[in-house]
Amino acid sequence: MIGCFFIALLADNIGRRAALVLGCWLTVLGCIVLIFAQALWMASLGLILCGMGSDSVYGTLLSLASECVNDNFRQKISAIVQAFFIVGALFVTLFYYLF
């Protein structure tokens, strides 16, 4: 949730798309730190960065998608975004379980 607050402030100043890209890069940076972690504190830092980035991407993407469509499709777009985030989380969990 911490990432949402920082990215929300940035999204108002630099734009939603730029904030979305920043959140994606924050997630990628956290994943790289997590991959190469050799200590518990490095793994914790990677998980914190991944969490901050993914939380900010979710909120920013939902608001950007809601602004870009007509009023008739807003509920459908919100449901689609939420469904794909859930499917992605389930896919990652399944991938971790299998490998």
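Please read these numbers as outputs of a predicted model, since none were measured by experiment.

A. Spatial organisation of the overall build of the protein. When helices and strands are tallied, the protein shows four helices and zero strands. For the protein, the N- to C-terminal ordering of α and β elements is α-α-α-α. Viewed in the frame of its principal axes, the protein has a C-alpha envelope of about 50 × 35 × 15 Å. Within the protein, the fraction of its 99 residues that count as buried is 20%. A sequence separation of at least 24 residues applies to 52% of the contacts in the protein between residues at least 6 apart.

B. Examining a nonpolar patch on the surface more closely. Taken together, Phe91, Val92, Leu94, Phe95, Tyr97, Leu98 and Phe99 make up a surface patch of nonpolar side chains, about 900 Å² in accessible area. Within the element layout of this structure, Phe99 appears in the segment after helix H4 (74-98). By relative accessible area, Phe99 is classed as exposed at 75%.

C. The arrangement of the confidence of the model for the protein in detail. Looking at the protein as a whole, its pLDDT mean stands at 87, while 97% of the residues score no less than 70. Least confident of the elements in the protein is helix H1 (residues 2-14), whose mean pLDDT is 79; most confident is helix H2 (residues 16-35), at 91.

D. Structural context of the packing of helix H3 (residues 40-68) against H4. Between H3 and H4, the shortest axis-to-axis distance is 9 Å and the interhelical angle comes to 160°. Here H4 runs roughly antiparallel to H3, going by the angle between their axes. At the point where H3 passes H4, the crossing takes the right-handed sense. Contact residues: Ser54, Val57, Tyr58, Leu61, Leu62, Ala65 and Ser66 in H3; Arg74, Ile77, Ser78, Val81, Gln82 and Phe85 in H4. The class makeup of the residues in the contact of H3 with H4 is eight nonpolar, four polar and one charged.

E. Quick look at H3. Here H3 contains 29 residues, and its C-alpha end-to-end distance of 42 Å stays within 8% of the 42 Å for a straight helix at 1.5 Å per residue. Along H3, the residues that are buried comprise Gly46, Leu49, Cys50, Gly53, Ser56, Val57, Thr60, Leu62, Leu64, Ala65 and Ser66.

F. Up close: the packing of aromatic side chains. Scanning all chains against the criterion turns up two aromatic pairs. Between the aromatic rings of Tyr58 and Phe85, the centroid separation amounts to 4.7 Å while the plane-to-plane angle is 80°, which identifies the pairing as edge-to-face. Here Tyr58 is found in helix H3, whereas its partner Phe85 is found in helix H4, with 27 residues between them in sequence. Residue Tyr58 is classed as partly exposed on the basis of its relative accessible area, which comes to 29%.

G. Expanded view of the environment of Cys24. Within the secondary structure layout, Cys24 lies in helix H2. Overall, the relative accessible area of 36% leaves Cys24 in the partly exposed class. Sequence separation between Cys24 and Gly53 is 29 residues, and the spatial gap between their C-alpha atoms is 6.1 Å.

How each quantity is defined
Residues numbered from 1 in each chain as written. Predicted model: local features only at pLDDT ≥ 70, side-chain atom pairs only at ≥ 80, totals over all residues. Heavy atoms only, no water. Helix = DSSP H or I, 4+ residues; strand = E, 2+ residues; numbered from the N terminus. Buried < 20%, exposed > 50% of the residue type's maximum accessible area, 1.4 Å probe, protein only. Contact = heavy atoms within 4.5 Å. Patch = residues over 30% accessible without salt bridge, like charges linked within 9 Å, V, L, I, M, F, W, Y side chains within 5 Å. Areas by Shrake-Rupley, 256 points an atom, 1.4 Å probe, with all protein chains shown as cover. Salt bridge = Lys/Arg side-chain N within 4 Å of Asp/Glu carboxyl O. pLDDT = per-residue confidence, 0-100. Axes fitted to C-alpha atoms, helices over the stretch in contact; angles between N-to-C directions. Parallel < 35°, antiparallel > 145°, perpendicular 65-115°, else oblique. Left-handed = near helix turned anticlockwise from the far one by under 90°. Nonpolar A, V, L, I, M, F, W, Y, C, P; charged D, E, K, R; others polar. Expected span 1.5 Å × (residues − 1). Phe/Tyr/Trp six-rings, centres within 6.5 Å; stacked < 30°, edge-to-face > 60°.

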